[in-house]
Amino acid sequence: MADIVKPEVRSRMMSRIRGRNTRPEISLRKALHRRGLRYRLNVRNLPGSPDIVFPKWKTVLFVHG
């Protein structure tokens, strides 16, 4: 399927999409912090660069939204 917008417009649209600190991610982080859970953010040396990493439990979370 062909793109319906020009490449310049598509580039501008895609540049506005954020990959980090989205609203769902921030609200989840606030809830986790309130519960006393500690985590790391956007660890690049793990596959897929997960949004939230719990090193203590060797667990990662990917937030889609």
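Whatever comes next refers back to the structure up there.
Residues numbered from 1 in each chain as written. Predicted model: local features only at pLDDT ≥ 70, side-chain atom pairs only at ≥ 80, totals over all residues. Heavy atoms only, no water.

Can you tell me about the side chain of Arg-29, naming the residues and giving the values?
As for its position among the elements, Arg-29 is in helix α2 (residues 23-34). The class for Arg-29 is buried, based on a relative accessible area of 14%. Not counting residues up to four positions away in its chain, the partners in contact with Arg-29 are Asn-21, Tyr-39, Leu-41 and Ile-52. (Helix = DSSP H or I, 4+ residues; strand = E, 2+ residues; numbered from the N terminus. Buried < 20%, exposed > 50% of the residue type's maximum accessible area, 1.4 Å probe, protein only. Contact = heavy atoms within 4.5 Å.)

Lay out α2 in plain terms, naming residues and giving numbers.
With 12 residues, α2 should cover 16 Å at 1.5 Å per step; its first-to-last C-alpha distance of 17 Å lies within 8% of that length. Considered for burial, the residues of α2 that qualify are Glu-25, Arg-29, Ala-31 and Leu-32. Mapping the buried residues of α2 onto a view down its axis gives an arc of 165 degrees, with all of them on the same face. Within α2, the exposed residues directed more than 90 degrees away from the buried face are Arg-23, Lys-30 and Arg-34. In the segment just after α2, Gly-36 is the residue with positive phi, at about 85 degrees. (Expected span 1.5 Å × (residues − 1). Arc of directions from axis to C-beta.)

Talk me through the sheet that holds strand β3 (residues 59-61); I want residue IDs and the actual numbers.
Strand order in this open sheet of three strands is β1-β2-β3, and the pairing throughout is antiparallel. This sheet does not close on itself; its edge strands, each paired only once, are β1 (40-41) and β3. One ladder, built from three bridges, connects strand β2 (residues 52-54) with β3; its direction is antiparallel. Note that in β3 the partner of Ile-52 across the bridge is Leu-61. The sheet contacts of α2 involve β1, β2 and β3, and relative to β2 the element is tilted by about 25 degrees. (Pairing = 2+ DSSP bridges. Axes fitted to C-alpha atoms, helices over the stretch in contact; angles between N-to-C directions.)

Before we move on, can you summarise the environment of Lys-56 with the specific residues and values?
Looking at the element boundaries, Lys-56 is found in the loop between β2 and β3. Overall, the relative accessible area of 69% leaves Lys-56 in the exposed class. Taking the C-alpha atoms as reference points, Lys-56 and Leu-37, 19 residues apart in sequence, are found 9.9 Å from one another.

Could you give me a rundown of a nonpolar patch on the surface, with the residues and numbers involved?
Taken together, Leu-46, Val-60 and Phe-62 make up a surface patch of nonpolar side chains, about 220 Å² in accessible area. Structurally, Val-60 is set in strand β3. The class for Val-60 is partly exposed, based on a relative accessible area of 35%. (Patch = residues over 30% accessible without salt bridge, like charges linked within 9 Å, V, L, I, M, F, W, Y side chains within 5 Å. Areas by Shrake-Rupley, 256 points an atom, 1.4 Å probe, with all protein chains shown as cover. Salt bridge = Lys/Arg side-chain N within 4 Å of Asp/Glu carboxyl O.)

Any functional reading would require information that these geometric values do not contain.
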